Every structure is written in structure tokens, then in C-alpha cells.
Amino acid sequence: MKEYSITVVKTNNPNILKFETNHILVQRKNYEFKNIDDAKNSPLAQQLFHLPFIKTVYISGDFIGLERYDIVQWEDVKDEVAQQLVEYLNAGEPIVLEEDMDKPVPVTVYAEVTPNPATMKFVASKKIVASAFEFKNIDEARDSKLATELFQFPFVKQVFIDENYVSVSKFEVAEWDDITIELREVIRNFIADGKEIVADNAKAIGKEAQVSETVSAENTIELDETSQEIVDILEEYVKPAVASDGGNIMFQSYDADTRTVSVILQGACSGCPSSTFTLKNGIETMLKNMMGEKINEVVALNG
């Protein structure tokens, strides 16, 4: 059974708050409910409308968006709402009664080169997972039917799945010109058939310790102030660029005595010939500029 956690995220509209989850909530489309009658196909939205301050409910991929009336401020009620959502989701209650589940999901997938010549990124037109997952062999892929299917190809070395893309690393025995189209079709067909990308019990990677805005069944892991500052910089400035190349960077540790930051490179970044240059001339320089003498060096491990 899935265990949900909720991260509260502010939006540009002060009346709307996002409650992000660690699992995909709906597969078919995005939903907007204006009132309890409008939400007849969503037991979750119906329950939320029993809160007198809820004006609109949005349910999409991996988040629930809520618009409030002015009778309350989010600061006064967001924690209570987040806890209610966690309890509802962890009870296994239905979210949206999606129709036409037997029909293929409209989806497109395109191939995109990465800085790592051994890795190709296959980008889907929809979000497929809520967290990052890395599989280095078929044994590790037992919790992902998609990764298991990809490992049936003898030239597939590693599979990395995150948000809306799948990064595939190959052995030198094959050339991308000969295998890209076939891999793209396998991934597209798998998603279009509505199959589960990763099992509920699969262990996600790249989820650094969440700060106090996260509500879950377990206690929140707290980082020291400097480590949390590093995580925030990586999340805001580094991860989007790394993800665009089909990879991921994960904070590992900070040694206050040596002022050394250790990170883990995953996906296309793992083993990439240009990763050392990027690490030293990009990430290390950025952290030094933004954090001054707290940073002496950034070192990386391949995931």
C-alpha cells in the first residue's frame, strides 16, 4: 500500500496553495471542481468541499491545488488541511473515479541527446512518476515493469526515470541511430497503455530531507542550517539544469571541518565525460559565490 506524504507549496496566487504528493494521484487528465456537485466523480474533492473555506479544488498528476475564500488565511489552516489529506490518502480512499480506463492515454515521446554520449533521454508529454528512480540492472528493476522491459534489450546498461522522462544508458555494442526509434516506441506504448511505471513499494531517490512544510506518517528529517541552504540552492538552481540533460544531483553530506560538499550524480550525469567540468566550474563556483567561505570544495560520487 502506498504511503503518502504532503509538501505544501505556495503559488503566485495567495489564495491558492499546492499540496504536492510523493505519488502520482491521477493518470488521465487534470481536474477542476468548483463545488460539491461538480465533484460527483471525486470523493476526495467532495470531502474537501465540507471545509467551508474551500472555493475550488484542482487535482493533477502529483498535487492537489486548493483555492480558498477570504474567510481564512492559509497560514491558519494549511497544516490541518495537509494532515487531513495525508490521512485520507493513506487510508486508501478513492481520489477521482476516472472513466475510460481501458482507452490508451494520449501521449507523445521524443528522444533528446544528453551531454553524456552513452545516454539518451526520452521525454513524455505527461508526468509519469512523482519521484526519481534509478535502476542499474534487471535485478534492481524488479519494482518497475517499464525498466524491466527495457532491460530485455542486451544493449541497455542503466535506466533512470524522473518526472516526465526516461534516461537510458547503453553499452558500446550498439549505436543510437540503430536503437533510438525502437526504444522510443517501447516507452511510448508502455505509457499509452496506462501501465504502472514504478510499483508502489519502489524506493525513490533524490528526495532530500524535507523541511518543516512536509507532512507524513514519519518524523521529518532535519538538516543543519548550512546543509539546508546547500539543498535549497541545488533544488532551485542546479537540479532543473541537470534534469534537462536527463540526470539528477542529490545532496549527500556537508563536512563543516573541511567545508566539503558531497553530492551524488545520477542518470545521464553518472559517468558523463563533462560531469567533472560541470561540477567544478558550475556547481562548485556557484556554491562558493552564494555561500562564501562555508564552501571549499564539491566532490561527487556516481550514482
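Just above sits the structure.
These numbers come from a predicted model, not from an experiment.

Caption draft 1: Expanded view of the packing of aromatic side chains. Counted under the stated rule, the structure contains five aromatic pairs. Seen from their ring centres, F160 and Y165 are 6.4 Å apart, and the 35° between their planes marks the pair as tilted. Y165 matches F160 in its accessibility class, with the two residues each being buried. Here the aromatic residues F19, F53 and W74 are joined through ring pairs into a cluster of three or more. Stacked on the ring of F63, the Lys or Arg K18 has its end atom at 4.3 Å from the ring centre.

Caption draft 2: Summary view of the nonpolar core. With 33 residues, the main nonpolar core has L150, I161, V166, L183 and I197 as its most contacted residues. Elements supplying a minimum of two residues to this core: β7 (119-124), β8 (133-135), α3 (145-150), β9 (156-162), β10 (165-170) and α4 (176-192). Looking at which element gives the most residues to this core, the answer is α4, with eight residues. Those residues in contact with I161 that sit more than four places away from it in its chain are I128, V129, S131, A132, F133, F135, S144, L146, V166, I197 and V198. Counting residues in hydrophobic clusters, the runner-up holds 32 residues, among them I6, V26, Y31 and Y88.

Caption draft 3: Here's a closer look at the side chain of S42. Relative to the assigned elements, S42 resides in the loop between β3 (31-33) and α1 (43-48). For S42, the contacting residues outside a window of four places in its chain are F33, I59, I95 and V96.

Caption draft 4: Representation of the sheet that holds strand β6 (residues 109-113) within the structure. Spatial strand order, β6-β7-β10-β9-β8: five strands in an open sheet with antiparallel pairing. Across the chains shown, the open sheet's two edge strands, defined by having one partner strand only, are β6 and β8. Between one strand axis and the next, the sheet turns through 20° on average, direction left out of account. Bridge count for β9 against β10 is six bridges, and the pairing is antiparallel. Looking at β10, one finds that Q158 is bridged to S169. Sitting on the sheet, α4 is in contact with β6, β7, β9 and β10, with an inclination near 35° to β7.

Caption draft 5: Just the environment of A39, in detail. Structurally, A39 is set in the loop between β3 and α1. With relative accessibility at 0%, the residue A39 sits in the buried group. Sequence separation between A39 and F49 is ten residues, and the spatial gap between their C-alpha atoms is 8.8 Å. Every residue in contact with A39, bar those within four places of it in the chain, is listed here: F33, A45, Q46 and F49.

Caption draft 6: Spatial organisation of the pairing of strand β4 (residues 54-60). Most of β4 is tucked away: five of the seven residues are buried. Relative to strand β5 (residues 63-68), β4 runs antiparallel, the two sharing six bridges. Within β5, the position partnered with Y58 by the bridge is G65. Turn length for the β4-β5 hairpin, with the two strands adjacent in sequence and antiparallel, is two residues, and the turn residue G61 shows positive phi of about 20°.

Calculation notes
- Residues numbered from 1 in each chain as written.
- Predicted model: local features only at pLDDT ≥ 70, side-chain atom pairs only at ≥ 80, totals over all residues.
- Heavy atoms only, no water.
- Phe/Tyr/Trp six-rings, centres within 6.5 Å; stacked < 30°, edge-to-face > 60°.
- Buried < 20%, exposed > 50% of the residue type's maximum accessible area, 1.4 Å probe, protein only.
- Lys NZ or Arg CZ within 6 Å of the ring centre and 35° of its normal.
- Core = buried A, V, L, I, M, F, W, Y, C linked by side-chain atoms within 4.5 Å.
- Helix = DSSP H or I, 4+ residues; strand = E, 2+ residues; numbered from the N terminus.
- Contact = heavy atoms within 4.5 Å.
- Pairing = 2+ DSSP bridges.
- Axes fitted to C-alpha atoms, helices over the stretch in contact; angles between N-to-C directions.

Spatial relationships are all this shows, so hold off on functional conclusions.
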